[in-house]
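# Breakdown of the fold
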Amino acid sequence: MGFMDNLRRGLERSRETINEIFYMGGEVTEDFWDDLEDTLVMGDMGAEVAIRVTDHLREQAAKENLTRSHQLRSALIERLSEEFPRASRDPFVDTPSIVLFVGINGAGKTTTVGKLAGRAQSDGVRVLIGGADTFRAAAIEQLEVWGSRSGVEVVTRERGADPASVCYDVIEEAEKRGSELVLIDTAGRLHTSSDLMRELAKVVSVTRKRAGITPVSVVLVIDATTGQNGLNQAKEFNDALDLDGLIVTKLDGTAKGGIALAISHQLNLPIYRIGVGESIDDLQTFDAHDFCAALVGEGVQ
Ligand SMILES: Nc1nc2c(ncn2[C@@H]2O[C@H](COP(=O)(O)OP(=O)(O)OP(=O)(O)O)[C@@H](O)[C@H]2O)c(=O)[nH]1
């Protein structure tokens, strides 16, 4: 299966919701606009985006005399993709680069680190994994499995070790080895736990200081199935850590994939990668147009 097929399959549930409005008679009536706005809100895109996008399309339809709903599909795809902030650099491609992965428990940080490391290694990038999740013993084992599968070294310490000092050691090792890409997994934590968020802020500041001129990106991994709560999580993580960007996982497990747009737009943070399934090919580079085309459906006339 190709890249676009995986994306389309992953967003199938979300697409079904949006698709319905394009099958209702086809003639653009007053109801069509109400339905479009409601559908976008229901798909978790957020009221502000839903209203703006619908108003814009409505003006465009009047200007260009678009009277059939299917004519509006491609206009909707274009309009939605413009709502996504663009990344100024890709921290997994533009090396040297150090990336810290943060997020709540089970969001998909460890598997994402494993997949990205495997991909980078097979592309010939010198990559190193850092295991700063010293809280969950299984996370260290999980990383080691990913590491040995793809031949990537994992630097970690025993369970309970101070995560900030693990990061320090990871960067030291990366310098010795001449690593180009350093991917550091951190322990999952609830955005509401102030002690753990403070600990993470320390991890970030120690890493930045030790990294010197090498860019450090703090990336929030967020599970799309958490819906609107994901938006609250993202706000708290962003306030505490000044995030650089997002990876949205498990888009295959929700009918409300619009949450990716709501979070990215509201926090003005780019999405670097999306997860649309459990296989390594399901972690994809984010492209706003492809994402919106898979979300809206390219349509049968
Ligand atoms: N369906 C689906 N499952 C995913 C995706 N990304 C990750 N997962 C699964 O989500 C589960 C949790 O992933 P982990 O990587 O262990 O999560 P984590 O954030 O490291 O968890 P903690 O270490 O507890 O913070 C695993 O079973 C992954 O296979 C995705 O895009 N789609």
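These remarks concern the structure in this document. Predicted model, so just to flag it, every value in this text is computed and none were measured.

Once that is clear, we can look at the sheet that holds strand 2 (residues 127-132). In spatial order, the strands read 3-2-4-1-5-6-7-8; together these eight strands make up an open sheet with mixed pairing. Edge positions in the sheet fall to strand 3 (154-156) and strand 8 (283-285), since each of these pairs with one other strand and no more. Each adjacent strand pair in this sheet contributes to an overall mean axis angle of 25°, direction not counted. By the bridge criterion, three bridges tie strand 6 (residues 245-249) to strand 7 (residues 271-275) in an arrangement that is parallel.

Let us look at the site of the ligand. Lys 109, Thr 110, Thr 111, Asp 252 and Glu 278 are the nearest of the 19 residues found near the ligand. Measuring from an oxygen atom of the ligand, one finds a backbone N or O atom of Gly 108 at 2.9 Å. Between an oxygen atom of the ligand and a side-chain N or O atom of Thr 110, the distance comes to 2.6 Å. Here the ligand, which alone exposes 660 Å², has 82% of that area covered by the protein. With three residues, the top contributor of residues to the shell around the ligand is helix 6 (residues 109-122). For the shell around the ligand, the per-class residue count stands at three nonpolar, 10 polar and six charged.

Counting buried positions over the eight residues of strand 5 (residues 216-223) gives eight, a clear majority of the element. The alternating pattern of strand 5 places Val 216, Val 218, Leu 220 and Ile 222 and Ser 217, Val 219, Val 221 and Asp 223 on opposite faces, both of which are buried. Taken together, the five bridges between strand 1 (residues 97-102) and strand 5 define a ladder with parallel strand orientation. Across the sheet, Leu 100 pairs through a bridge with Val 218, a residue of strand 5. The sheet contact formed by strand 5 and strand 6 spans five bridges and is parallel. Looking across to strand 6, one finds that Val 219 is bridged to Gly 245. You can see the chain leave strand 5, run along helix 10 (residues 228-241) and come back into strand 6, and the turn it takes is right-handed.

Conventions adopted
- Residues numbered from 1 in each chain as written.
- Predicted model: local features only at pLDDT ≥ 70, side-chain atom pairs only at ≥ 80, totals over all residues.
- Heavy atoms only, no water.
- Pairing = 2+ DSSP bridges.
- Helix = DSSP H or I, 4+ residues; strand = E, 2+ residues; numbered from the N terminus.
- Axes fitted to C-alpha atoms, helices over the stretch in contact; angles between N-to-C directions.
- Near = heavy atom within 4 Å.
- Polar contact = N/O pair within 3.5 Å; in protein donor to acceptor, adjacent residues only side chain to side chain.
- Areas by Shrake-Rupley, 256 points an atom, 1.4 Å probe, with all protein chains shown as cover.
- Nonpolar A, V, L, I, M, F, W, Y, C, P; charged D, E, K, R; others polar.
- Buried < 20%, exposed > 50% of the residue type's maximum accessible area, 1.4 Å probe, protein only.
- Right-handed = clockwise from strand over helix to strand, strands pointing away.

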